[in-house]
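# Remarks on the overall topology
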Amino acid sequence: MAAVAGIGMTELTRQSGRSVLSQAVQACREACADAGITPGEVDGLLSYHLGDSVPVVQVARALGIERLGWHNDIWGGGTQAASILGDAAMLVSSGTARHVLVYRALNGRSGQRMNTVPTHQDDFTRRYGMAGPISMFALAATRYLHDAGLTEEHLHAVVAQSRDNAAGNPRAQRREALGLDDYLAKPYVSTPLRTADCCQETDGAVALLVSGVLGGPRIRTVVRGGGPGCSAMDRAPDVTAVFSQYLAPELWERSGAKPRDVDAALLYDAYSWLVPKQLTDFGITGEPGPYLMERAHAWVNPHGGLLSEGYVHGLNNVAQAVRELRGGRSLALVTGFGGSYGSAALLDMA
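Residues numbered from 1 in each chain as written. Predicted model: local features only at pLDDT ≥ 70, side-chain atom pairs only at ≥ 80, totals over all residues. Heavy atoms only, no water.

### Digging into the overall build of the protein
The helix and strand tally for the protein stands at twelve helices and eleven strands. Against the globule reference of 20 Å for 350 residues, the protein gives a C-alpha radius of gyration of 19 Å, in line with a compact fold. With the C-alpha coordinates aligned to their principal axes, the bounding extent of the protein is approximately 55 × 40 × 40 Å. The 350 residues of the protein split such that 57% are buried. (Helix = DSSP H or I, 4+ residues; strand = E, 2+ residues; numbered from the N terminus. Rg over C-alpha atoms; globule rule 2.2 N^0.38 Å. Buried < 20%, exposed > 50% of the residue type's maximum accessible area, 1.4 Å probe, protein only.)

See the structure below:
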């Protein structure tokens, strides 16, 4: 059985004044200490990045791991947030490693920021005004809101609840209440998404210690995949189709769980519209409009999520899932978004 035996996390800021390496090492040391082991006992090390982090071999050296076993730097962002749990679980379940450290570290605000490094896709999209992920997913959001009958008031409900949830979280970068008028006064980044609808650019690091011999929340089921949708608009029959539309049936079938069993939902909320979309796709709610306006989603992302706590490419949501399960919850859903491709995992206390 693979379990998350330890978690570690640096302060989340917009100006860390530190190297990515020092942040990664701090989070990893804290995860090991939380699990009750020393870094020298770690025999597996995994991380994911977009060219904005520090290699695992450098982190291993800084931690004093003299003989490193299986290790890998995985290219990718939000899609990896949940599925890297599957990579770690496979290592311990196969006997390849006993203790696997997983980390994500970046100076995402003061260092390399999103949408500053051109990609091949930009050659085709920038000429149409789609400069990077925000404008691409804003286009998908426009269609989704129309089809779902949602308005800016529903998006406000998502963001405002996120701020309310973050109010008691000292790690959160955004803890102030956000009324409707203040929300509507926020400038657009790309319609219909205002600045408040987008996740926080963050400096920080998060680490998890996944073990095959120590106790903790169990990694029950992990799925990864997707299909044509908002990540491949040129060949998508439905540009609103995000990863959850493809993965939800597989998650429930493989796990044997039901949507009603989930009592901790840590959803990848890079953009506000993804919350109702995922709630619907995973079968947690049917009609999203009333659900949002009644604030029935208040239990989702109780720490404030990526919209308010900070953006460590989703791994901070996984850390919160562990806290929720330690605190008495029974089944946590965590997700990783990358458009129409992504991942989802269920953790429990079995």
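### Points about the packing of aromatic side chains
Evaluation of the coordinates by the stated rule reveals seven aromatic pairs. Both rings, one in Trp252 and one in Phe282, keep their centres 6.4 Å apart while their planes meet at 85°; by these two values the pair is edge-to-face. One end of the pair, Trp252, is in helix H8 (residues 243-255); the other, Phe282, is in the loop between helix H9 (274-281) and helix H10 (288-293), and 30 residues separate them in sequence. Grouped by ring-pair contacts, the aromatic residues Phe137, Phe243, Tyr268, Tyr271, Tyr311 and Phe337 constitute a single cluster. (Phe/Tyr/Trp six-rings, centres within 6.5 Å; stacked < 30°, edge-to-face > 60°.)

### Details of the packing of helix H1 (residues 20-35) against helix H2 (residues 56-63)
The description of two helices packed together rests on the angle between their axes and the distance between the axes. Orientation of H1 relative to H2, taken along the N-to-C sense of each, is 60°, at an axis distance of 10 Å. The orientation of H1 with respect to H2, classified from their angle, is oblique. Seen along the crossing, H1 lies across H2 with a hand that is right-handed. When H1 is examined against H2, the residues Leu21, Ala24, Val25, Cys28 and Arg29 are found in contact with a partner set consisting of Gln58, Val59, Ala62 and Leu63. Classifying every residue of the contact of H1 with H2 by side-chain character gives seven nonpolar, one polar and one charged. (Axes fitted to C-alpha atoms, helices over the stretch in contact; angles between N-to-C directions. Parallel < 35°, antiparallel > 145°, perpendicular 65-115°, else oblique. Left-handed = near helix turned anticlockwise from the far one by under 90°. Contact = heavy atoms within 4.5 Å. Nonpolar A, V, L, I, M, F, W, Y, C, P; charged D, E, K, R; others polar.)

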